[in-house]
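# Fold and contact review
The lines below spell out each chain.
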Amino acid sequence: MSAAVKVQFNNHFRKVNRTKRRYRALRGSAGSGKSVNIAQDYILKLGDPKYAGANLLCVRKVNETNRNSTYAELVGAINRIYGARAEEYWEVLRSPLSIRSRVTGNEVIFRGMNDVRDREKVKSINFAHGKLVWIWVEEATELQESDVDILDDRLRGILLNPNLYYQMTFTFNPVSAQHWIKRKYFDYESPDVLAHHSTYRQNRFIDPAYYRRMERRRLEDPDGYAVYGEGEWGELGGLIFKNFVIHDFDISFQMFDTMHIGQDFGFNHANAILTVGVKDGEFFICDEIYVHEMDTGQIIEMADRKELSKYLSMYCDSAEPDRIQMWQNAGYNATAVVKEPGSVQAQIDYLKQRKIHIHPDCVNTIKEIQQWSWKKDKKTGLYLDEPVNFMDDAMAALRYAAEPLRRPEMQYSNQRFGSW
Ligand SMILES: Nc1ncnc2c1ncn2[C@@H]1O[C@H](COP(=O)(O)OP(=O)(O)OP(=O)(O)O)[C@@H](O)[C@H]1O
Ligand SMILES: [Mg+2]
């Protein structure tokens, strides 16, 4: 492949990228390099004439989340590997998502496994050239075992090109020792399975700030750290929100009864800004800004660039009046949320009773809500009435955004669509 500018791999994935076993199961901590590695591996192979006739299917439980994960990773890999010549070698389409090598004609397509329709669609996949030979299931613990069996069934038949082989790749954080994925691929040795483990410490591209955040997690959220810091099979119980769904929805302002913004300030912790719509009492998280180690001036610049609304009320953490002032000076409609003893629990109670819809582009909010849990009493092992104090920044922004509805008596200014 003569176009390659330069491609860098982490050594600990060498075996993974060479194996032809039918299943590659990659469990690992957050940030261990799994997704980047698999994306680069596939782009090199799909663009290589040796693998002519190979096609890749990328699967997430919710199809729309492919856009910001598998698709974004593969496009990133193309740009890193091919540099300025990316377009010459690859055809990349955003709607519908698709990627095709101009050299080999090999293609990538993207699907979900969320309902009957999704499953039927997977059964009828066809390619213009060659066959479906590779499947990448990203965040594989989101899927049911039966979904994986349906996918597995798709990889069969004689392959004309002797270099081709069928293979499924799973990337995930090991969220539960009871999970089917452990039983299926990790509990016994099989010549068909390459089971792999990795942590962020083996990823040479991780920056020191990430190490510091992980160290904080180790202290503040030991159960979460075991899974997301060590990549060990964990037991993440006590989830706070289960009442959420991830799906695409129209973000026109007409759609909602009210709309506003919640902001939780942070520097070492993330600074999270969520734009939230409310319709018939249900919450819709439409958009997020989620950054680490940026000062308020930089975040305001970013919000300006993203055209965050200056008309919507923005509910912020009252502990930081100076930052609220800066947002006001920049023209944003920022106000402090009044905090009282017990208000975090009351906000959580309020939100638990409502359906929370999350737009698939809000990747950090999705990550947080899937792991935000109650603290555990070390002695009794029982969950306490207090949330874990880690990766809770988008959740704080969501709590603030709920305040004007939860406490109408506070007379927070409540912008309606008409006043845009
Ligand atoms: N080969 C690479 N070249 C350049 N940067 C890399 C490479 N591998 C990983 N990185 C960097 O490390 C970060 C984390 O890697 P990646 O997203 O692949 O981790 P992950 O194991 O998929 O994490 P998670 O479990 O959270 O999904 C990437 O965002 C990227 O900045
Ligand atoms: Mg990943």
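A short tour of the structure in this document, coming up. In this text the structure is predicted, and so the values were computed from the model without any measurement. (Residues numbered from 1 in each chain as written. Chains lettered and ligands numbered in written order. Predicted model: local features only at pLDDT ≥ 70, side-chain atom pairs only at ≥ 80, totals over all residues. Heavy atoms only, no water.)

A word on the overall build of the protein chain. Looking only at helices and strands, the protein chain features 14 helices and 17 strands. Taking 420 residues into account, the globule formula puts the C-alpha radius of gyration at 22 Å, and the protein chain, at 23 Å, falls close to it. Considering the protein chain as a whole, with its 420 residues, one finds that 53% of them fall into the buried category. Considering only contacts within the protein chain whose residues lie at least 6 apart along the sequence, 71% involve residues at least 24 apart. Put simply, the protein chain shows about 19300 Å² of open surface, and 49% of that area lies on carbon and sulfur atoms. Side chains of the protein chain carry 57 positive and 57 negative charges; the gap between the two charge centres is 6 Å. (Helix = DSSP H or I, 4+ residues; strand = E, 2+ residues; numbered from the N terminus. Rg over C-alpha atoms; globule rule 2.2 N^0.38 Å. Buried < 20%, exposed > 50% of the residue type's maximum accessible area, 1.4 Å probe, protein only. Contact = heavy atoms within 4.5 Å. Areas by Shrake-Rupley, 256 points an atom, 1.4 Å probe, with all protein chains shown as cover. Lys, Arg positive; Asp, Glu negative; His and termini not counted. Charge placed at Lys NZ, Arg CZ, Asp CG, Glu CD.)

A separate point is the site of ligand 1. Surrounding ligand 1, one finds 16 residues, the nearest of these being Gln-8, Gly-31, Lys-34, Ser-35 and Val-36. The separation between a nitrogen atom of ligand 1 and a polar main-chain atom of Gln-8 is 2.8 Å. Considering every element that reaches the shell around ligand 1, the biggest residue donor is helix H2 (residues 34–46), with 4 residues. A breakdown of the residues in the shell around ligand 1 according to their chemical character gives 3 nonpolar, 10 polar and 3 charged. (Near = heavy atom within 4 Å. Polar contact = N/O pair within 3.5 Å; in protein donor to acceptor, adjacent residues only side chain to side chain. Nonpolar A, V, L, I, M, F, W, Y, C, P; charged D, E, K, R; others polar.)

Inspection of the entire model under this criterion finds 29 salt bridges. The salt bridge partner of Asp-41 is Lys-45, with a shortest N-O separation of 3.1 Å. With Asp-41 and Lys-45 both in helix H2 and 4 residues apart, this pair spans about one turn of that helix. For Asp-41, a relative accessible area of 5% corresponds to the buried category. Put simply, Glu-145 and Lys-184 hold a salt bridge, and the shortest N to O gap is 3.1 Å. Here Glu-145 is found in helix H6 (residues 145–153), whereas its partner Lys-184 is found in helix H7 (residues 180–185), with 39 residues between them in sequence. Looking at Lys-184, the relative accessible area reads 18%, which means it is buried. If you follow the salt bridges from partner to partner, you end up with Glu-145, Asp-149, Arg-183 and Lys-184 in one network. (Salt bridge = Lys/Arg side-chain N within 4 Å of Asp/Glu carboxyl O.)

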